[in-house]
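This is what each chain is made of:
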Amino acid sequence: GGSSFGTECARLFLEREGLKGLIRSHQCVPEGYTTTDCGNGTRLYTVFSASGYDGTDNDGAVLRIPANRSRSPYPISYPAEDEEGLECQTKQYLVDQICEHKGVLRDNLKRLAWARDSRGLVSVEEWNAALQRTLNLHIDFRPLRLEL
């Protein structure tokens, strides 16, 4: 068995801990996610990433949390047969972030390139680290270097 807690209990916990939201998983939901308003600006997010779980026709979802925290987290849902669509959306998000921060990224890469190499080149590792720092995303960009 387990215990069930209502939105009031979640809100009290979140307020006590100074949090705006709680993300949970491991519960299959038809759309891949649910967002529950717990009151007073607090939310409970349920996210289930496995689409088509155990033979059902549920969607899968991921929760995107904006790096600058100026927006609330938002889900991206995808049906079982559309996992390639999620990959495409994720790559488009990365491209959008690179374009949004291109000036700062360009300056960081120039600084790196001219600091150590008169030819103005950076290694893949330096490029990866510059993207991570500039975009504040802690992912490995190296496998995507030919696509970005």
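All residue numbers here refer to positions counted from 1 along the written sequence of the relevant chain. Note on the predicted model: pLDDT of at least 70 is required for a residue's local features to be given, and 80 or more for side-chain atom pairs to be given and counted; whole-chain, interface and lining totals, by contrast, use all residues. To get the side-chain values, take all heavy atoms of the structure and skip hydrogens and water.

**Describing the overall build of the protein**
Tallying secondary structure elements over the protein gives four helices and five strands in all. When the 148 residues of the protein are sorted by exposure, 28% land in the buried category. Taking as baseline every contact in the protein between residues at least 6 positions apart, the subset at least 24 positions apart corresponds to 37%. Each accessible area value is a Shrake-Rupley result obtained with a 1.4 Å probe; residue values ignore everything except the protein chains displayed when judging cover. Surface accessibility of the protein: about 10,000 Å² in total, with carbon and sulfur atoms responsible for 50%. A run of H or I in DSSP becomes a helix once it reaches four residues, and a run of E becomes a strand once it reaches two; helices and strands are each numbered from the N terminus. Relative accessibility under 20% of the residue-type maximum defines a buried residue, over 50% an exposed one, and the middle range a partly exposed one, all with a 1.4 Å probe and only protein chains included. Residue contacts are counted whenever heavy atoms from the two residues lie within 4.5 Å of one another.

**Remarks on the sheet that holds strand β1 (residues 21-24)**
What makes two strands pair is DSSP finding at least two bridges between them. The strand order β1-β3-β2 describes an open sheet built from three strands, whose pairing is mixed. The strands lining the two open edges of the sheet, one partner per strand, are β1 and β2 (33-39). On average, adjacent strands in this sheet sit at an angle of 15° to one another, irrespective of strand direction. Of the pairings in the sheet, the one linking β1 to strand β3 (residues 42-47) comprises four bridges and is parallel in character. Residue pairing in the sheet places I23 in a bridge with Y45 of β3. Lines fitted to C-alpha atoms define the axes, with helix axes restricted to the stretch in contact, and inter-axis angles between N-to-C directions lie between 0 and 180 degrees.

**Concerning the packing of aromatic side chains**
Aromatic pairing here means that ring centres of Phe, Tyr or Trp (its six-membered ring) are within 6.5 Å. Orientation follows from the plane angle: under 30 degrees is stacked, over 60 is edge-to-face, and everything else is tilted. Counted according to the given criterion, the structure contains two aromatic pairs. Ring centres of F48 and Y53 lie 5.1 Å apart, and the angle between their planes is 85°; this geometry places the pair in the edge-to-face category. Arranged with centres 6.5 Å apart and planes meeting at 75°, the rings of W127 and F141 form a pair that is edge-to-face. With W127 in helix α4 (residues 124-135) and F141 in the segment after α4, the pair connects residues that are 14 residues apart, well separated along the chain. The burial state of W127 is the same as that of F141; both residues are buried.

**Here's the deal with α4**
For α4, spanning 12 residues, the distance from its first C-alpha to its last is 16 Å, which sits close to the expected 16 Å at 1.5 Å a residue. If you check which residues of α4 are buried, you get E126, W127, N128, A130, L131, T134 and L135. The first or second residue beyond α4 is N136, which carries a positive phi of 55°. In this scheme, a helix's expected span is set at 1.5 Å multiplied by one less than its residue total.

**Focus: the pairing of strand β4 (residues 60-64)**
Buried residues dominate β4, accounting for four of its five residues. With five bridges connecting them, β4 and strand β5 (residues 74-78) associate as antiparallel partners. Residue pairing across strands places G60 opposite Y78, the latter belonging to β5.

**Side note on unusual backbone geometry**
Even without glycine at this site, H26 takes up a positive phi of about 70°. Mapping H26 onto the fold places it in the loop between β1 and β2. Backbone geometry at N40 places phi at a positive 55°, although glycine is not the residue there. When you line up the elements, N40 lands in the loop between β2 and β3. Given a relative accessible area of 64%, N40 falls into the exposed group.

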